[in-house]
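Each chain, written out:
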Amino acid sequence: MFTVNEASKIAGISVRTLQYYDKIGLLPPSGFTDSGYRLYDENSLERLQTILLFRELEFPLKEIKKIIENPDFDREKALSDQINLLKLRREQIDSLISLAEKLINKEEKILDFSAFDKTKLKEYEAEAKEKWGKTSAFKEFESKNEVRSDDENSFIAGGMMKIFEEFGKISGGSPKSEEAQKLVEKLQGFISENYYSCTDEILFGLGQMYVSDERFTENIDKAGGKGTAEFVSKAIAAFCGK
């Protein structure tokens, strides 16, 4: 049996994350010490691996819980899919390393951008998500989106950009400020009303995506000015208690 601190170090995640997984029923501890501290056995850590596997595919925690508690869930197949995904990621990293080495060692210009192509990786990720079930959030988005016109969708997208403009105006301050936190609440409400039910978990994932995906970063910074995406991401993290 492992203590919560030991399990945290083994998995490379925070104790707080393990506590949250227990709170939502995703990863209950295997037992407790006499003092009431959580304990985890090897089966619990195996379940944790599966959870982290689906987090790599960007599944919300509620969807992961439904998937792994489904009696038809095939862990071996899920692991096989994860192996293929990691191989594709390694292939792209190897291509980037190779390109960087060529740029260092050769004087002539190399106008080859194939190393930056993530098409295969994105296609596989999309297939994996399709295979393991569309998220309820995605289904809700599809339902709302299909009844709206292009003009309506453009109007809604513009409303989202206006919120990012507001973030940009206060980005020189603290992302934990009351004003910033109210804007996060406004953003969450806007997403829930116009796209899908934006839980804190989904909101936090969006905040991470705003800085990890350069397309989002570019659009948000275009609306609010350079550094806005990072400011929004930090404000969301503070709002979600991360």
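In this numbering scheme, every chain counts its residues from 1 along its sequence in written order. The predicted origin of the model limits local features to residues at a pLDDT of at least 70 and limits the giving and counting of side-chain atom pairs to 80 or more, whereas totals for whole chains, interfaces and linings rest on all residues. Excluding hydrogens and water, the side-chain figures rest on all heavy atoms present in the structure.

Put simply, two rings from Phe, Tyr or Trp (the six-membered ring, in Trp's case) pair if the centres are within 6.5 Å, and we call them stacked under 30 degrees between planes, edge-to-face over 60, tilted for the rest. Enumeration over the complete set of coordinates arrives at four aromatic pairs. Consider the rings of Phe164 and Phe167, whose centres lie 6.5 Å apart with planes at 35°: the pair is tilted. Linking Phe164 with Phe167, this pair stays in helix α8 (residues 150–169), spanning three residues, or about one helical turn. Relative accessible area serves as the criterion here: at 0%, Phe167 is assigned to the buried category. When the ring of Tyr210 is compared with that of Phe216, the centres are 6.0 Å apart and the planes differ by 40°; the resulting orientation is tilted. Type-normalised accessible area, obtained with a 1.4 Å probe on protein chains alone, sets the label of each residue: buried when under 20%, exposed when over 50%, and partly exposed for intermediate values. The class of Phe216 is partly exposed, set by a relative accessible area of 31%. Counting every residue linked through ring pairs, the aromatic cluster contains Phe164, Phe167, Tyr210, Phe216 and Phe231. Going along the chain from the N terminus, every DSSP run of H or I of four or more residues is numbered as a helix, and every run of E of two or more is numbered as a strand.

The sheet built from three strands is open, its strands ordered β1-β3-β2 with antiparallel pairing. At either end of the open sheet lies a strand with only one pairing partner, and these are β1 (2–3) and β2 (31–32). Two strands form a pair only when DSSP identifies at least two bridges running between them. Note that β2 and strand β3 (residues 38–40) share two bridges and pair antiparallel. Within the sheet, the bridge partner assigned to Phe32 lies in β3 and is Arg38.

Here the focus is the side chain of Asp221. The topology assignment puts Asp221 in helix α11 (residues 214–224). For the charge count, each Lys or Arg is scored as positive and each Asp or Glu as negative, with His and the chain ends excluded. Any Lys or Arg side-chain nitrogen located within 4 Å of an Asp or Glu carboxyl oxygen qualifies as a salt bridge. Buried and without a salt bridge, Asp221 has Lys226 as its closest oppositely charged side chain, separated by 5.5 Å. Think of a polar contact as two N or O atoms within 3.5 Å of one another; within protein, one of them needs to be a possible hydrogen donor and the other a possible acceptor, and neighboring residues in sequence only count if both atoms come from side chains. A distance of 3.1 Å separates the side chain of Asp221 from the backbone nitrogen of Thr228, its partner in a polar contact. It only takes one pair of heavy atoms within 4.5 Å for two residues to be counted as in contact. If we skip the residues at most four places from it in the chain, Asp221 touches Lys226, Gly227, Thr228 and Ala229.

Attention now goes to helix α10 (residues 200–212). Its 13 residues give α10 an end-to-end C-alpha distance of 18 Å, which sits within 8% of 18 Å, the value for a rise of 1.5 Å per residue. Among the residues of α10, Glu201, Ile202, Leu203, Phe204, Leu206, Gly207 and Tyr210 are the ones counted as buried. By this rule, a helix spans an expected 1.5 Å times one less than how many residues it contains.

Here we come to the packing of helix α9 (residues 178–194) against helix α12 (residues 228–239). What counts as an axis is a line fitted to C-alpha atoms, over the stretch in contact for a helix, and the angles between N-to-C directions run from 0 to 180 degrees. Where α9 meets α12, the axes come as close as 9 Å, and the angle between the chain directions of the two elements is 90°. Our classification of the angle between α9 and α12 gives roughly perpendicular. Contacts between α9 and α12 pair Ala180, Gln181, Val184, Glu185, Leu187 and Gln188 from the former with Phe231, Val232, Ala235, Ile236, Ala238 and Phe239 from the latter. Any residue that is not Ala, Val, Leu, Ile, Met, Phe, Trp, Tyr, Cys, Pro, Asp, Glu, Lys or Arg is counted as polar, Gly included; the first ten are nonpolar and the last four charged. Considering only residue class, the contact of α9 with α12 consists of nine nonpolar, two polar and one charged. Here the word oblique covers every angle except those under 35 degrees (roughly parallel), over 145 (roughly antiparallel) and from 65 to 115 (roughly perpendicular).

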